[in-house]
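Chain and residue survey
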Amino acid sequence: MLEAAVQVLAKEGAQRFTTARVAEKAGVSVGSLYQYFPNKAAILFRLQSDEWRQTTDLMRTILEDGARPPFERLRILVHAFIRSECEEAAVRGALDDAAPLYRDAPEAREAKASGTHTIRLFMQEALPEAPETIRILTGDLITATLSQVGKRFSETPRTPAEIEAYADAMADMFCAYLAGLQRR
């Protein structure tokens, strides 16, 4: 049912997303769908919650990989994130349209807190000599930039080569910024 919901959302958008369309796409009755999800907001919330969890897990897996140096991990994260944003662009756009339904949910706050914690731990490792205020600012800056620029970049369909070049440039920018902070 969730896969059908993703397909309907990608094709129809949030405005035309209905439980009837999801049930039809999934090949089940609307009544069967309601056994799992009481309304379309519940389906959208589940899709968004799953996306938050996947993104947080991806970030944590990459940034906590102590076998790689911090700058290499940052590069890997940028590439994975930009690819993910481009792959999920149609669904993410529709979920953003429905964001008022779940933006302030406890799961949203939890996902944000978990991501912030992971970034702060990474910044402690990447910038061990920097003051805490600089590490927090840097983590917030990288997170906000990656999120907003990734979203904007993915609004237009991109080739794998374009995604690779863009992610390389963005990773270069972040690594140069961190290297400059390390020299201070």
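Residues numbered from 1 in each chain as written. Predicted model: local features only at pLDDT ≥ 70, side-chain atom pairs only at ≥ 80, totals over all residues. Heavy atoms only, no water.

1. Focus: the environment of C86
Rules: Numbering of helices and strands runs from the N terminus, with a helix taken as a DSSP run of H or I at least four residues long and a strand as a DSSP run of E at least two residues long. Each residue is placed in one exposure class: buried if its accessible area under a 1.4 Å probe, protein chains only, is under 20% of its type's maximum, exposed if it is over 50%, and partly exposed if it falls in between. By definition in these notes, contact holds between two residues if any of their heavy atoms fall within 4.5 Å.
For C86, the position within the fold is in helix α5 (residues 70-87). With relative accessibility at 18%, the residue C86 sits in the buried group. Taking the C-alpha atoms as reference points, C86 and G150, separated by 64 residues in sequence, lie 7.9 Å from one another. Ignoring anything within four residues of it in the chain, the contact list for C86 reads F153, S154, R158 and I163.

2. Digging into the UniProt feature "domain: HTH tetR-type" (unreviewed entry) in the chain
Which entries qualify depends on this criterion: UniProt positions are given in the numbering used here, feature names are shortened, and annotations may be inferred rather than shown by experiment.
Mapped onto the present numbering, the UniProt feature "domain: HTH tetR-type" (unreviewed entry) falls at residues 1-55. Taken end to end, residues 1-55 comprises 76% helix and 0% strand; its first and last C-alpha atoms sit 21 Å apart.

3. Things to note about the state of the cysteines
Definition in use: Put simply, a disulfide is two cysteine sulfurs that come within 2.5 Å.
Scanning the model with the defined rule gives zero disulfides in all. In this model C86 remains outside any disulfide bridge; the closest cysteine sulfur is found in C175, 19 Å from its own.

4. Remarks on the confidence of the model for the chain
The test is simple: A score from 0 to 100, pLDDT tells how confident the predictor is in each residue.
Per-residue pLDDT for the chain has a mean of 90; in total, 96% of the residues score no lower than 70. Here helix α6 (residues 89-97) stands out as the least confident element of the chain, with mean pLDDT 74; helix α9 (residues 160-183) is the most confident, with 96.

5. With respect to the pattern of salt bridges
The condition is simple: Throughout this description, the term salt bridge denotes a Lys or Arg side-chain nitrogen within 4 Å of a carboxyl oxygen of Asp or Glu.
In this structure the tally under the stated criterion is 11 salt bridges. When the shortest N-O distance is used, the salt bridge between D50 and R53 registers 2.6 Å. Placement of both D50 and R53 in helix α4 (residues 40-63) is noted, with a separation of three residues, approximately one turn of the helix. For D50, a relative accessible area of 18% puts it in the buried group. Taking relative accessible area as the criterion, R53 reaches 46% and is therefore assigned partly exposed. Taking the shortest distance from any N to any O, the salt bridge between E132 and R135 comes out at 2.5 Å. Separated by three residues within a single helix, E132 and R135 lie in helix α8 (residues 132-153), roughly one turn from each other. You can call R135 buried: its relative accessible area is 12%. Taken together, the shared-partner salt bridges connect R46, D50 and R53 into one network.

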